[in-house]
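Report on the structure
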Amino acid sequence: MLAHCKRAAFGGDHPHAWYCRQDGAQGRGGRNSGCGVKVIYPDFQDNELDPANISRGPKARQGGPLRVTPLTGALLSDPSGGLIVRRVRVRVVVGPDRGREALLEAGTLLVGTHPDNDLVLRDPSVGKYHLEVALVAGGVRIRDLGSDGGTFVSSVRSSIAVLPIGTEILVGRSTLQLLPGDVLVPVPPSERTSFGPVLGGSPAMRQLFALLERVAPSDTPILLEGEPGTGRTLTAKAIHASSRFAASPITVVDFGLPLSDRPPLGSISQRSDTFTLLLERIDEVPPSDFGPLLALYERHEEGVLDARILATASSELRRGPDNDRLRRDLMTHASAVHFHIPPLRARAEDIPMLVRQFSLEACGVDPKITAEESGRMLAWDYPGNVRELRQIVVRALKTESTATVLPPAGAARGRAALVLPLNTRPKPPLPKVAHDLLLGAFERAWLAGIYARHRGSLADVSRETGLGRRDLVRALKRCGIGDPR
């Protein structure tokens, strides 16, 4: 039941860094044996680097393959949109073990005098298993493990607390300090042009895909921000499909719906199964739900709730009207990792790819629109984003089936319904027809937007479109827009 392996590799920025890198068996308290802890022994001599000579270090855990690669750990996103691997160093600054420290990258870190601990202290006033340290979205959580002497923060005894980096903790006659160990992770753009069903080859989308590929396998809560219609929900479901929760159900709580149409948060926080929780429009959460929602996030951080929590928002939680303490706390939990999904107008080069995909989904036909023909397609700014683009394509390629008269009742009606003639079923348009339908639909959307913006002023519409009055009138008549006279 020990958290380290004597065969583990030395590495890191300290020459005597001891890494725990084992997977498989569950340790004490359900901790995974790949605990993500690096312990530094500054008093090692060179001849002590031989595992055979090491007696003070943690013992080996049997079973499970050895891993020497860094764990993913807890993640944050920085203001520039990059990723930060959260780590914390727990250093002894006062006491018999002054200078000893352990690096926590993932899971939990145990402090005490027993050799099983991740940070082993020689202070006799420290308990065998005195303190547990864990990374959470709001900071560093410490939990006293029922020690006789207690754990003190700023001279106040504390059984459990979430603390910021830099805090000093008194255990026995030893003082521990939480020091930063975060690492900025360079994330180059992905080589892929899709993340699940989400498509995009533009630099902005490929950068988003690279970040999602890195974060999706972790359990870190994610906030997806973006305008309506940008694909926030679709992206959240793609993250779910790429995580360890892929085979588990998704529970959706949409705060844009009335309370009677939403599952209660209290019952969700008491669930014991594994699932993904999707919080839609979390920026619209009513103040009455702040407390239950915070409790839900805290149960997830404590490891009680085995869920992946994903949230969507159309605006930053920091900019909400109720910028009080509860909203700030909620923002801290929900947006540890947050991504902005760009609007369609910011990635117009993706429109031809999206049109082709939507056309294939709608009728199985590739319209083969050339770059020269896509000018009108790219000219419109699509206020409804990808959702509006999809609606234009689907409406343009909508196929109607021929009305079929079935027998009024009985077995004859059932047989007729099963063997409908093929010529009565919807037929996809020919590629050339689909091509012309789509070009006409995009011209109509482009002209309708400009016509509405100028409130039907032909002079202003002509000036913006560059069309002469005669050509403009013809185009408006062809598209059925307004009453051009």
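Residues numbered from 1 in each chain as written. Predicted model: local features only at pLDDT ≥ 70, side-chain atom pairs only at ≥ 80, totals over all residues. Heavy atoms only, no water.

Thoughts on the packing of aromatic side chains
One pass over the structure, following the stated rule, counts zero aromatic pairs. Over the face of the ring belonging to Phe275 we find Arg271, whose NZ or CZ atom lies 3.8 Å from the ring centre. (Phe/Tyr/Trp six-rings, centres within 6.5 Å; stacked < 30°, edge-to-face > 60°. Lys NZ or Arg CZ within 6 Å of the ring centre and 35° of its normal.)

A closer look at the confidence of the model for the chain
In this model, the chain carries a mean pLDDT of 76, and residues with pLDDT of at least 70 account for 73%. In the model of the chain, strand β1 (residues 17-19) stands out as the element of lowest mean pLDDT, 35, in contrast to strand β14 (residues 168-171), which has the highest, 96. Low confidence marks residues 1-72, where pLDDT is under 50. Its contacts with residues over four positions away, or in another chain, come to 168 contacts. (pLDDT = per-residue confidence, 0-100. Helix = DSSP H or I, 4+ residues; strand = E, 2+ residues; numbered from the N terminus. Contact = heavy atoms within 4.5 Å.)

Notes on the sheet that holds strand β13 (residues 160-163)
Within the open sheet, the five strands sit side by side as β8-β7-β9-β10-β13. Their pairing is mixed. Of all strands in the sheet, those with a lone pairing partner are β8 (119-120) and β13, marking the two edges. (Pairing = 2+ DSSP bridges.)

Re the layout of surface pockets
Its boundaries defined by the atoms lining it, the second largest pocket holds a volume of some 570 Å³. Around the second largest pocket, the lining is made up of 25 residues, and of these Gly229, Thr230, Gly231, Leu234 and Val386 lie nearest the centre. For the lining of the second largest pocket, the leading source of residues is helix α2 (residues 232-241), giving five residues. For the lining of the second largest pocket, the residue count by class is seven nonpolar, eight polar and 10 charged. (1 Å grid on protein atoms, 1.4 Å probe; cavity = no way out; pocket = protein on both sides within 12 Å on 5 of 7 lines; lining within 4 Å. Points joined across faces, edges and corners; volume = space filled by probe spheres on them. Nonpolar A, V, L, I, M, F, W, Y, C, P; charged D, E, K, R; others polar.)

As for the pattern of salt bridges
What the rule picks out here adds up to 21 salt bridges. In this structure, Arg122 engages Asp97 in a salt bridge whose closest nitrogen and oxygen atoms are separated by 2.7 Å. Of this pair, Arg122 sits in the loop between β8 and β9 (131-136) while Asp97 sits in the loop between β5 (88-94) and β6 (101-104), and the two are 25 residues apart along the sequence. Between Asp460 and Arg463 there is a salt bridge, and its shortest N-O distance comes to 2.7 Å. With Asp460 and Arg463 both in helix α11 (residues 458-465) and three residues apart, the pair spans about one turn of that helix. For Arg463, a relative accessible area of 61% translates into the label exposed. (Salt bridge = Lys/Arg side-chain N within 4 Å of Asp/Glu carboxyl O. Buried < 20%, exposed > 50% of the residue type's maximum accessible area, 1.4 Å probe, protein only.)

Overview of the nonpolar core
Within the largest apolar cluster, 24 residues are counted, with the highest numbers of intra-cluster contacts made by Leu83, Phe195, Ile222, Leu224, Ile239 and Phe339. For this core, the secondary-structure elements that each account for two or more residues are β4 (83-86), α1 (203-215), β19 (222-225), α2 and β23 (337-340). It is α1 that contributes the most residues to this core, seven residues altogether. (Core = buried A, V, L, I, M, F, W, Y, C linked by side-chain atoms within 4.5 Å.)

A look at the pairing of β5
The side chains of a regular strand alternate, residue by residue, between the two faces of the sheet. For β5 and β6, the ladder comprises four bridges, and the chain directions are antiparallel. Looking across to β6, one finds that Arg91 is bridged to Glu101. Counting the residues in the hairpin turn of β5 and β6 gives six residues, including Gly95, whose phi is positive at 130°. Where β5 and strand β15 (residues 174-180) come together, six bridges link them in antiparallel fashion. In the sheet register, Arg89 faces β15, and the bridge partner there is Leu179.

Here's the deal with the environment of Ala362
Within the secondary structure, Ala362 is located in helix α6 (residues 351-363). According to the relative accessible area criterion, Ala362 is partly exposed, its value standing at 38%. Sequence separation between Ala362 and Arg395 is 33 residues, and the spatial gap between their C-alpha atoms is 9.2 Å.

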